[in-house]
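Given next are the chains, with one letter for each unit.
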Amino acid sequence: LIISALILVVAAISLYANLQKVDTQFRQLAAVVARSYSQAIGGMREWNNQHGGVYVPVTGNFRPNPLLKDPLREVTTREGVRLTKVNPAHMVRLISNLLTEEQGIRVRITSATPVQAANAPTEWEKFALDEFVKGRKEVFGVTGAPDRPVFRFMVPLKVEMSCLRCPPEHKGRPSDIRGGV
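Residues numbered from 1 in each chain as written. Predicted model: local features only at pLDDT ≥ 70, side-chain atom pairs only at ≥ 80, totals over all residues. Heavy atoms only, no water.

**Details of the overall build of the protein chain**
The secondary structure content of the protein chain amounts to 3 helices and 7 strands. For 181 residues, the compact-globule estimate of 2.2 N^0.38 gives 16 Å, and the C-alpha radius of gyration of the protein chain, at 22 Å, exceeds that figure by more than 25%. On the principal axes, the C-alpha backbone points of the protein chain span a range of 90 × 35 × 25 Å. Taking all 181 residues of the protein chain together, 33% fall into the buried category. Working note: accessible area of the protein chain is about 12,300 Å², and carbon and sulfur atoms make up 61% of it. Measuring between centres, the 24 positive side-chain charges of the protein chain sit 2 Å from its 16 negative side-chain charges. (Helix = DSSP H or I, 4+ residues; strand = E, 2+ residues; numbered from the N terminus. Rg over C-alpha atoms; globule rule 2.2 N^0.38 Å. Buried < 20%, exposed > 50% of the residue type's maximum accessible area, 1.4 Å probe, protein only. Areas by Shrake-Rupley, 256 points an atom, 1.4 Å probe, with all protein chains shown as cover. Lys, Arg positive; Asp, Glu negative; His and termini not counted. Charge placed at Lys NZ, Arg CZ, Asp CG, Glu CD.)

**A few points about the sheet that holds strand β3 (residues 82-86)**
Reading across from one edge, β1-β3-β2 is the order of the 3 strands in this open sheet, with antiparallel pairing throughout. The open sheet has two edge strands, β1 (54-57) and β2 (74-76), and neither has a second partner. Strand-to-strand twist in this sheet, taken as the mean axis angle between neighbours without regard to direction, amounts to 35°. As paired elements, β1 and β3 share 4 bridges and run antiparallel to each other. When the sheet's bridge partners are listed, Val 54 is paired in β3 with Val 86. (Pairing = 2+ DSSP bridges. Axes fitted to C-alpha atoms, helices over the stretch in contact; angles between N-to-C directions.)

**As for the packing of helix α1 (residues 2-50) against helix α2 (residues 88-103)**
Two elements in contact, α1 and α2, have axes whose closest approach is 9 Å; the angle formed by their N-to-C orientations is 145°. Pair α1 / α2 crosses with right-handed handedness. Touching Tyr 37, Ile 41, Met 44, Arg 45, Asn 48 and Asn 49 of α1 are Pro 88, Met 91, Val 92, Ile 95, Leu 99 and Gln 103, all from α2. For the contact of α1 with α2, the class distribution of residues is 8 nonpolar, 3 polar and 1 charged. (Left-handed = near helix turned anticlockwise from the far one by under 90°. Contact = heavy atoms within 4.5 Å. Nonpolar A, V, L, I, M, F, W, Y, C, P; charged D, E, K, R; others polar.)

**Topic: the environment of Tyr 55**
Locating Tyr 55 in the fold gives a position in strand β1. On a C-alpha basis, the gap between Tyr 55 and Leu 83 in space is 5.7 Å, while along the polypeptide they are 28 residues apart. Apart from residues no more than four positions distant in its own chain, Tyr 55 is found in contact with Leu 72, Arg 73, Val 75, Leu 83, Thr 84 and Lys 85. Here the side chain of Tyr 55 touches Leu 72 through a polar contact of 2.7 Å, landing on its backbone oxygen. (Polar contact = N/O pair within 3.5 Å; in protein donor to acceptor, adjacent residues only side chain to side chain.)

**A word on the nonpolar core**
Ile 41, Val 107, Ile 109 and Val 181 are the most contacted members of the largest nonpolar core, which totals 16 residues. Of all the secondary structure elements, the ones that give two or more residues to this core are α1 and α2. In terms of residue count, the dominant contributor to this core is α2 (5 residues). Look past the residues within four positions of Val 181 in its chain and what remains in contact with it is Val 107, Arg 108, Ile 109, Phe 153, Met 154, Val 155 and Leu 157. (Core = buried A, V, L, I, M, F, W, Y, C linked by side-chain atoms within 4.5 Å.)

These values are about where atoms sit, not about what they do.
As structure tokens, then:
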């Protein structure tokens, strides 16, 4: 009976240790996947920024961004095609909507001083933004109820050289932290 109890205790400890290891590996794998998405979105965002925005056709489903203050927000080609400019932040929102619908991945831009109230940071995002000020390159973790855990990953959004033509509320010195994605 004592040997059986000892084997049971050792097996329980081993199971617990293995479950902890699996949990750690899951979080690391999730961070690798999130990092990949983050780098891809950051590259697209920078490409858009380097081009001063990109134009796409206006359709019944795609309307001009009312928040974009640009005299060339809407243009019409010689052929009569109406185009609207998509800036980097709006492009990230559009990509986020697509990723959320198709893959359940939510991407958003936030800041301690958001231009739009809807982009105000959550408590977890405030923590991550504070960590970026301290020099962290990324912050990730699991939040939510035990039966509905949510993996969160955030990287700093820095002022880039190509941002120097951005609206005044977006300007800053290159490498200043403007927020997070």
